[in-house]
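# Commentary on secondary and tertiary structure
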Amino acid sequence: MKTKNASSPISDDLKRRLADARRVGFFTGAGVSAESGIPTFRGDQGLWKRMKPEELANFDAFMRNPDLVWEWYQYRRKIVHDAGPNAAHRAIVEMEALFEVEVATQNVDNLHRRAGSTTVRELHGNIERNYCVECGTRHDDIEIGEKDAGAARCACGGLIRPDVVWFGEMLPQSEFTRAEDFAARADVYFVVGTSMVVYPAAYIPNTARVGGAYLVEVNVEPTEFSRVAAESYFGKAGEIMPRIAAAAREARNV
Ligand code: BJW
Ligand code: ZN
């Protein structure tokens, strides 16, 4: 592991890898959207500082207290709706001019797509989509930020839930498999803004490692993954990713 701080230059090793790379993957978490004003889950500023994740992000909690869980998602939908992509999302888009790029994201905020990334695997779903727990009908036109209305219901009477992956639920199989396939074939694989504690998503960068990818971490602080990465850049993704994109352009003489 090699560690760098926010002002460290992009290493010659990484530039060499990027000069030769064909496929470049990005595995992202809440930290990539932090500078868009979307709170992360864990840590001092995290959404779950005062609340245990399993109290809200699981199916039983929803069925026990649908109004509370629904209110939490309405609150977050509003934040996501009012937010926009930041420099980190945009830097990842820019890489598409240089490499075959795929983004595997744990985020449900849709910001990679809104920034313009063309291939995005949504491992934990998408907060802008909803479906009925009884009949499965999609309800993607829910009014955002509707206050004190309680959990929304389908015409069939069933509760409407966000199309996100809660604890104990399976990840969307095709998204996960495609993300694994790309990781296995990637030449360079970036892990950006994630604590890397939630599985099975966190296995994906390991698949990239087994496949021989050069692993690069970008995070404001060290994680378990720092021991595995070839290089870790510690600083804000919105500052470091544009510098990596610039180094990539330089390495490719663009
Ligand atoms: C910055 C920054 C800046 C800040 N710049 N960086 C194997 C081992 C152990 C446990 C398990 C296992 N396999 C399965 C499990 C159980 C469980 C699990 O992983 N538990 C562990 C937490 C202990 N996994 C599951 O239940 C999964 N399902 C499953 O396994 O199905 C099979 C099964 C079926 C039936 C029975 C049993 C098993 C599903 C997991 C679903 C996770 N869902 C959530 C909620 C989604 C909906 C919603 O958004 O509300 O997904 S949990 C939450 O965590 C969310 C995130 O996507 C996910 C990851 O969090 P992330 O993105 O890493 O955020 P943070 O906040 O943790 O970290 C932010 C990072 O950014 C930090 O490092 C900061 O430093 C950094 N940062 N600002 C750069 N500006
Ligand atoms: Zn229904």
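Provided above is the structure to which this section pertains.
Here goes a summary of the coordinates provided. (Residues numbered from 1 in each chain as written. Chains lettered and ligands numbered in written order. Predicted model: local features only at pLDDT ≥ 70, side-chain atom pairs only at ≥ 80, totals over all residues. Heavy atoms only, no water.)

In this section: the overall build of the chain. When helices and strands are tallied, the chain shows ten helices and nine strands. Radius of gyration (C-alpha) of the chain: 19 Å, near the 18 Å computed for a compact globule of 254 residues. When the backbone C-alpha atoms are referred to their principal axes, the chain occupies close to 60 × 35 × 30 Å. Burial analysis of the chain (254 residues in total) assigns 52% to the buried set. Of the roughly 12,100 Å² that the chain leaves accessible, carbon and sulfur atoms contribute 48%. (Helix = DSSP H or I, 4+ residues; strand = E, 2+ residues; numbered from the N terminus. Rg over C-alpha atoms; globule rule 2.2 N^0.38 Å. Buried < 20%, exposed > 50% of the residue type's maximum accessible area, 1.4 Å probe, protein only. Areas by Shrake-Rupley, 256 points an atom, 1.4 Å probe, with all protein chains shown as cover.)

We now examine the side chain of Ser232. As for its placement among the helices and strands, Ser232 is situated in strand β9 (residues 231-234). With a relative accessible area of 0%, Ser232 lands in the buried category. Residues contacting Ser232, with those up to four places away along its chain left out, are Lys2, Thr3, Lys4, Glu217 and Ser226. (Contact = heavy atoms within 4.5 Å.)

The environment of ligand 1 is made up of 37 residues, and the closest members are Arg42, Tyr73, Arg76, Ser195 and Asn219. In the model, a nitrogen atom of ligand 1 is placed 2.8 Å from a nitrogen or oxygen of the Glu35 side chain. Val165 places a polar main-chain atom, nitrogen or oxygen, 2.9 Å from a nitrogen atom of ligand 1. Taken domain by domain, the shell around ligand 1 gets at least three of its residues from each of domain 1 (1-38 + 85-124 + 171-254) and domain 2 (42-82 + 126-164). (Near = heavy atom within 4 Å. Polar contact = N/O pair within 3.5 Å; in protein donor to acceptor, adjacent residues only side chain to side chain. Domains from an automatic or database assignment.)

Note on metal geometry: ideal angles are 109.5 degrees for four donors arranged tetrahedrally and 90 or 180 degrees for six donors arranged octahedrally. All of the protein donors around the zinc ion (ligand 2) are Cys132 (SG), Cys135 (SG), Cys154 (SG) and Cys156 (SG); their distances to the metal are 2.2 to 2.4 Å. A residue is classified by how much of its surface remains accessible, and Cys154, at 8% relative accessible area, is buried. (Donors = N, O, S within 2.8 Å, 3.2 Å for Na, K, Ca; no water.)

Packing of helix α1 (residues 12-20) against helix α10 (residues 237-251) brings their axes to within 8 Å, and their N-to-C directions diverge by 60°. Classed by the angle they form, the pair α1 and α10 counts as oblique. The handedness of the crossing between α1 and α10 comes out as right-handed. Along the contact surface, α1 presents Lys15, Leu18 and Ala19, while α10 presents Ile244, Ala247, Ala248, Glu250 and Ala251. Here the contact of α1 with α10 is composed, by residue class, of six nonpolar, no polar and two charged. (Axes fitted to C-alpha atoms, helices over the stretch in contact; angles between N-to-C directions. Parallel < 35°, antiparallel > 145°, perpendicular 65-115°, else oblique. Left-handed = near helix turned anticlockwise from the far one by under 90°. Nonpolar A, V, L, I, M, F, W, Y, C, P; charged D, E, K, R; others polar.)

To continue, consider the environment of Pro200. Among the secondary structure elements, Pro200 is positioned in the loop between β7 (188-192) and α9 (204-210). For Pro200, a relative accessible area of 29% puts it in the partly exposed group. On a C-alpha basis, the gap between Pro200 and Tyr131 in space is 23 Å, while along the polypeptide they are 69 residues apart. What Pro200 contacts, discounting residues up to four positions off in sequence, is Leu171 and Phe176.

Turning to the pairing of strand β6 (residues 160-164), a few remarks are in order. For a regular strand, the rule is simple: side chains alternate between the two faces of the sheet. The buried fraction of β6 is high, at five of five residues. In terms of strand pairing, strand β5 (residues 125-132) meets β6 through five bridges, oriented antiparallel. Its bridge partner being in β6, Tyr131 is matched across the sheet by Arg161. (Pairing = 2+ DSSP bridges.)

That's the geometry; what it means functionally is another story.
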